[in-house]
Amino acid sequence: VLILAATNMPWSLDPAIRRRFEKRIYIPLPEVGSRSQMFKIHLGDTPNDLTQQDFDDLARMTEGYSGSDIAVVVREALMQPVRIVQEATHFKKVINRDSDGESRIYYQPCSPGDPNALEMCWNELNGDELIEPPIKKKHFVNAIKTTRPSVNKEDLDKYIKWTRDFGQEGC
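Calculation notes
Residues numbered from 1 in each chain as written. Predicted model: local features only at pLDDT ≥ 70, side-chain atom pairs only at ≥ 80, totals over all residues. Heavy atoms only, no water. Helix = DSSP H or I, 4+ residues; strand = E, 2+ residues; numbered from the N terminus. Rg over C-alpha atoms; globule rule 2.2 N^0.38 Å. Buried < 20%, exposed > 50% of the residue type's maximum accessible area, 1.4 Å probe, protein only. Areas by Shrake-Rupley, 256 points an atom, 1.4 Å probe, with all protein chains shown as cover. Lys, Arg positive; Asp, Glu negative; His and termini not counted. Charge placed at Lys NZ, Arg CZ, Asp CG, Glu CD. Salt bridge = Lys/Arg side-chain N within 4 Å of Asp/Glu carboxyl O. Axes fitted to C-alpha atoms, helices over the stretch in contact; angles between N-to-C directions. Parallel < 35°, antiparallel > 145°, perpendicular 65-115°, else oblique. Contact = heavy atoms within 4.5 Å. Nonpolar A, V, L, I, M, F, W, Y, C, P; charged D, E, K, R; others polar.

Chemist: Could you give me a rundown of the overall build of the protein, with the residues and numbers involved?
Modeler: The helix and strand inventory of the protein stands at six helices and five strands. Reading the protein from its N terminus to its C terminus gives the helix and strand order α-β-α-α-α-β-β-β-α-α-β. The C-alpha radius of gyration of the protein comes to 23 Å, more than 25% above the 16 Å expected for a compact globule of 171 residues. Its C-alpha atoms put the protein at 70 × 35 × 30 Å along the principal axes. When each of the 171 residues of the protein is scored for burial, the buried share is 28%. With the model as given, the accessible surface of the protein reaches about 11,500 Å², and the carbon-plus-sulfur share is 52%. Both charge centroids of the protein, one from 23 positive and one from 26 negative side chains, sit 9 Å from each other.

Chemist: Quick one: what's the story with the pattern of salt bridges, residue by residue and with numbers?
Modeler: For the structure shown, the criterion picks out nine salt bridges. Lys137 is the partner of Asp54 in a salt bridge, and the nearest nitrogen-oxygen pair spans 3.9 Å. Pair noted here: Asp54 is in helix H3 (residues 52-61) and Lys137 is in helix H5 (residues 137-146), with a separation of 83 residues, a long-range link. Under the relative-accessibility criterion, Lys137 is labelled partly exposed at 26%. Where Lys92 meets Asp114, a salt bridge forms, and the shortest distance between an N and an O atom there is 3.2 Å. Of this pair, Lys92 sits in strand S2 (residues 90-97) while Asp114 sits in the loop between strand S3 (103-109) and strand S4 (118-119), and the two are 22 residues apart along the sequence.

Chemist: Talk me through the packing of H3 against H5; I want residue IDs and the actual numbers.
Modeler: Relative placement of two packed helices is described by the angle separating their axes and the distance separating the axes. Viewed as axis vectors pointing N to C, H3 and H5 meet at an angle of 5 degrees, and their least axial separation amounts to 11 Å. One finds that H3 runs roughly parallel with respect to H5. Listed contacts from H5 to Asp54, Asp57, Leu58 and Met61 of H3 are Lys137, Phe140, Val141 and Ile144. Across the contact of H3 with H5, the residue classes break down as five nonpolar, no polar and three charged.

Now the structure itself:
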């Protein structure tokens, strides 16, 4: 019989329970390479203009973030183009290919000063007529600025002390 358990507060385990687990492994926060990969995984196939260097930069900017924290950053970054569409007062026509490869007219948000700007709101258009702006590195940078890590130095010190006293390092 194999029992696998996880806790965010191992120091609150009853000693009798703790003894029943042969292995008590501390899994640290993700390192820079893992964080870079997490950004890619959470972004999925969402259209974007990020390069590998951009993902690496974002990973370096999120030192001390957990995997869950990175998921929150990505969700926040994904919402920024949606907000741009919702807050836009002007759109311009652009020609793009649809899923069948046919050229058709779409609308994308633009500045009121754009020579092709049409004054309108997003809800005046059908959803399939809109083109959301692609996700950019700046959306992630903005999200990182407003999303703080959920684990602080004191918490990490407690995990390390508990691991030193009762556990073992993870791989």
